[in-house]
Amino acid sequence: MSDSVATLPSPRSAADVFCDDDSRPPQWFNPSLFLSQVFDSDSFISDLRTFLPFDTLRSELRSHLSSLNVDLVDRINRDYADFVNLSTKLVDIDATAVRMRAPLLELREEINEFRGSVDAARVARASGLNQRYDADAAREVLESSLEAFRVVSKVEKLIQELQDGATMRETQSMHLERIASELNRLKFLMAHAQNLPFIENLEKRIQSASVLFDASLRRCFIDGLNNSDTSVIYNCLRAYATTDNINNAEEIFCTTIVAPFIHKVIAHEAYDGTLGDELENDYRQIKHFVAKDCKMLLEISSTDKSGLHVFNFLANSILKEVLSAIQKVKPGVFSPGRPTEFLKNYKESLDFLAYLEGYCPSRSAVTKFRAVAIYIEFTKQWNVGVYFSLRFQEIAGGLDSALTSASLVFIQDSDSDKWSPPSLMLEQSVSLLESLRSCWKEDVLVFSAADKFLRLALQLLSRYCNWVSSAVNARKSNASLAPGCEWAVSATAEDLYISGCGEKSMLQGVESLENVLPLVKKTIIEVIVDKSVEELSQLKGIAATCMMSNKPLPIRHSPYVVGLLRPLKAFLEGDKARLYLTHETMEELLLGTITEITWRYYELANGRLSDARKTETYLQKSRQNAQKRAGATASGVTDHNVSGTEKMCMQLFLDLQEYGRNISALGLNPADIEPYCSLWQCVAPPDRQNTISV
């Protein structure tokens, strides 16, 4: 074995190594290796044969075997007496085993009998429970069937009373709302008693009652719309919402009120032929119509806690009909082939959508309105991508035509009366300037594609720079000139200087973009701050909780503190920020955002503390006045409890410390932020106001 080789001592003489000593085995022989689980005789012999004769090894192994045999005999002789006495001391073992086995067998039989009785009782109980469950289910189905029959009869009776009685509109609408409630209940009962012959026999009666109800509700709703009856419209909408028949209400309003006016306006202008495909006048009339004839219904459907928020008349009635009329009568407005008219109509359409969004009562309602299928379809009709492609060809093509001229064209030579900036003297430079201005003209730019127009402007600048540099490089190397660079061969020093001045003017135009960066950074900070300070609304709950007399002293910060800087972290750790923002810009945004958030934090916390102190002072005065009226002496009363204001300060102090730790994690020192210091002075204990430690 390799282990035996590894444990060899330092070299010794052959006599010392191979001597026969009966007192102990030689050092090269390790008997413990035979006990190893991975012992291999071949490996053991091959390891020793390199320095040991076989005779010596055989002799040592035989000696070891003899010692093992002697040891085995000694162990047997040592315990032999105990083995012999074991058989003589154990008397009548079989009889003892039989006596012990008898009660065990009896116990086994009793257990088996008890197990059988338990299994039988369990089966009987399960059968009884199943029978009870079946009986309950059958009773429930029977009750549902009987209740469905009673409800059908009640609905038929109510519809008959509605048809026979000549009541007022409001009374009819209330009657219809009651019928709608019964029909909704009937649907619930029908769902619990399906595929029953009794229920199938009721389906014809139910369908007949539903048809009569829908017709009566439709007439009442149309009557309410035509007469602008608020109560009738409200009751009818509740009836439609109860029966989950929302689409019918939206369709009735569309066909009865919206469609006639839309068709009249758009079709009349199309047949008149005076305005062509322009939508400005159409949208103006439609806005007036919505404010006059649709506002009442929109306000009713957006009433708080009325359950009518399920209706979307803006999208499914008004916008749907407007889109349908434009597609049928004026499909040319969606064609970007005429870019000027297309952009004008597109902007008017966006303004119209913004006007409709003004009738949404909340931000969530605006989000819901924009997610409707008809809204998405309306916006997809305007192919802004094709419009930009046409403008790209128009703007870039004009500059490219000017730059492919074989010679430099001076302004005073070509058109002395044409206006141009004092620093521009070449027709090519003026063409570049006009192209850049065209990218940002009001009648060209589309804000939804502003990134594309910015890219186009940068491409125009790059094209002009390449035009100048290519001509100069070709002149130096005497290489073949590209189209538009022929002027470099005969250009004088003044010509080259003038072309370079045009490039300088371009750089001045690029520098003007840097003036916009502070406004962009300020806007980014405002957006992040608005999201962050939403968490500060929980300060109101903290004030109310701390003013409770049985509230213990706070020992940890509030949960809202963790979310204060979460929007900022998400922005700075985003892929776009790390890709496009420099380290200096990120540091500037970080400091500006945290400073503004802390100012808001300080203003709100200071205001809450001020209100709490005023309230506590008022309550103390009231309590003292009550004690005086009761005849108690105020001097004998001492209140050692911590006041609510002190609890609030302590809670805000714990929150401020956690907020400071979060600021430190972003790499800023809270003590360097002015509003943080002000807030620390406001809420910190007196003994810690001079030292800011988080």
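Cut-off values and rules
- Residues numbered from 1 in each chain as written.
- Predicted model: local features only at pLDDT ≥ 70, side-chain atom pairs only at ≥ 80, totals over all residues.
- Heavy atoms only, no water.
- Axes fitted to C-alpha atoms, helices over the stretch in contact; angles between N-to-C directions.
- Helix = DSSP H or I, 4+ residues; strand = E, 2+ residues; numbered from the N terminus.
- Parallel < 35°, antiparallel > 145°, perpendicular 65-115°, else oblique.
- Left-handed = near helix turned anticlockwise from the far one by under 90°.
- Contact = heavy atoms within 4.5 Å.
- Nonpolar A, V, L, I, M, F, W, Y, C, P; charged D, E, K, R; others polar.
- Patch = residues over 30% accessible without salt bridge, like charges linked within 9 Å, V, L, I, M, F, W, Y side chains within 5 Å.
- Areas by Shrake-Rupley, 256 points an atom, 1.4 Å probe, with all protein chains shown as cover.
- Salt bridge = Lys/Arg side-chain N within 4 Å of Asp/Glu carboxyl O.
- Lys, Arg positive; Asp, Glu negative; His and termini not counted.
- Charge placed at Lys NZ, Arg CZ, Asp CG, Glu CD.
- Expected span 1.5 Å × (residues − 1).
- Buried < 20%, exposed > 50% of the residue type's maximum accessible area, 1.4 Å probe, protein only.
- Polar contact = N/O pair within 3.5 Å; in protein donor to acceptor, adjacent residues only side chain to side chain.
- Core = buried A, V, L, I, M, F, W, Y, C linked by side-chain atoms within 4.5 Å.

Novice: Account for the packing of helix α12 (residues 339–357) against helix α13 (residues 363–370), naming residues and giving values.
Specialist: It is the contact of α12 with α13, at a shortest axis distance of 10 Å, that shows an interaxial angle of 135°. It follows that α12 is oblique to α13 by the angle criterion. In the packing of α12 onto α13, the handedness of the crossing is right-handed. The residues of α13 that touch α12, namely those facing Leu353, Leu356 and Glu357, are Val366, Phe369 and Arg370. Across the contact of α12 with α13, the residue classes tally to 4 nonpolar, no polar and 2 charged.

Novice: Describe a negative patch on the surface, naming the residues involved and giving the relevant values.
Specialist: Taken together, the side chains of Glu106, Glu109, Glu110 and Glu113 define an acidic patch exposed on the protein surface. Note that Glu113 resides in helix α5 (residues 93–164).

Novice: Describe helix α8 (residues 230–242), with residues and values.
Specialist: For α8, with 13 residues, the first-to-last C-alpha span of 18 Å sits near the 18 Å given by 1.5 Å per residue. When α8 is considered as a whole, its buried residues turn out to be Val232, Ile233, Asn235, Cys236, Leu237, Ala239 and Tyr240. Its side-chain oxygen at 3.3 Å from the backbone nitrogen of Ser231, Asp229 defines the N-terminal cap of α8. Where α8 terminates, the next one or two residues include Asp244, which has phi positive at roughly 55°.

Novice: Please set out the pattern of salt bridges residue by residue, giving values where relevant.
Specialist: A full pass over the atoms with the stated rule returns 18 salt bridges. Asp530 is the salt-bridge partner of Arg600, the closest N and O atoms lying 3.9 Å from each other. Of this pair, Arg600 sits in helix α25 (residues 583–629) while Asp530 sits in helix α21 (residues 517–532), placing them 70 residues apart in sequence. Across the pair Arg600 and Glu596 runs a salt bridge, and its minimum N-O distance is 3.4 Å. Taken as a pair, Arg600 and Glu596 lie in helix α25 at a separation of 4 residues, close to a single helical turn. Looking at Arg600, the relative accessible area reads 30%, which means it is partly exposed. The exposure class assigned to Glu596 is partly exposed, which follows from its relative accessible area of 31%.

Novice: Residues and numbers for the nonpolar core, please.
Specialist: Membership of the largest hydrophobic core comes to 96 residues, with the highest contact counts inside it found for Ile179, Phe221, Leu237, Phe253, Leu319, Phe453 and Leu460. Sort the elements by how many residues they give to this core and helix α11 (residues 313–329) lands first, with 9 residues. Non-local contacts of Phe221, meaning those with residues more than four positions away in its chain, are made with Ile233, Cys236, Leu237, Tyr240, Ala249, Ile252 and Phe253. Residues Val529, Val533, Ile542 and Cys546 belong to the second largest nonpolar core, which totals 38 residues.

Novice: An account of a nonpolar patch on the surface is requested, with residue identities and associated values reported.
Specialist: A contiguous nonpolar surface patch, about 280 Å² in accessible area, is contributed by Trp440, Leu454 and Leu458. Residue placement: Leu458 occurs in helix α18 (residues 450–477). For Leu458, a relative accessible area of 44% puts it in the partly exposed group.

Novice: So what's going on with helix α26 (residues 644–665)? Which residues, and what values?
Specialist: End to end, α26 covers 32 Å across 22 residues, agreeing with the expected 32 Å (1.5 Å per residue, within 8%). Across the 22 residues that make up α26, a large majority, 17, are buried. Looking one or two residues beyond α26, the residue adopting positive phi is Gly667, at roughly 100°.

Novice: Kindly report on unusual backbone geometry, identifying the contributing residues and their values.
Specialist: For Ser228, which is not glycine, the phi dihedral falls at a positive 55°. When you line up the elements, Ser228 lands in the loop between α7 (197–227) and α8. Phi at Asp244 is positive, roughly 55°, even though this residue is not glycine. Inspection of the secondary structure puts Asp244 in the loop between α8 and α9 (246–272). When its relative accessible area of 61% is taken as the criterion, Asp244 is described as exposed.

Novice: Could you give an account of the packing of helix α6 (residues 169–191) against α8, naming the residues involved and the relevant values?
Specialist: Viewed as axis vectors pointing N to C, α6 and α8 meet at an angle of 10°, and their least axial separation amounts to 8 Å. In terms of orientation, α6 lies roughly parallel with respect to α8. The residues of α8 that touch α6, namely those facing Arg169, Glu170, Ser173, Met174, Leu176, Glu177, Ala180, Ser181 and Asn184, are Ser231, Val232, Asn235, Cys236, Arg238, Ala239 and Thr242. Class assignment for the residues of the contact of α6 with α8 results in 6 nonpolar, 6 polar and 4 charged.

Novice: For the environment of Cys220, give the residues involved together with the corresponding values.
Specialist: Locating Cys220 in the fold gives a position in helix α7. Residue classification places Cys220 among the buried positions, given a relative accessible area of 5%. The spatial distance from the C-alpha of Cys220 to the C-alpha of Arg169 is 6.9 Å, given a sequence separation of 51 residues. Leaving out residues up to four positions away in the same chain, Cys220 has contacts with Arg169, Gln172, Ser173, Leu176, Val232 and Cys236.

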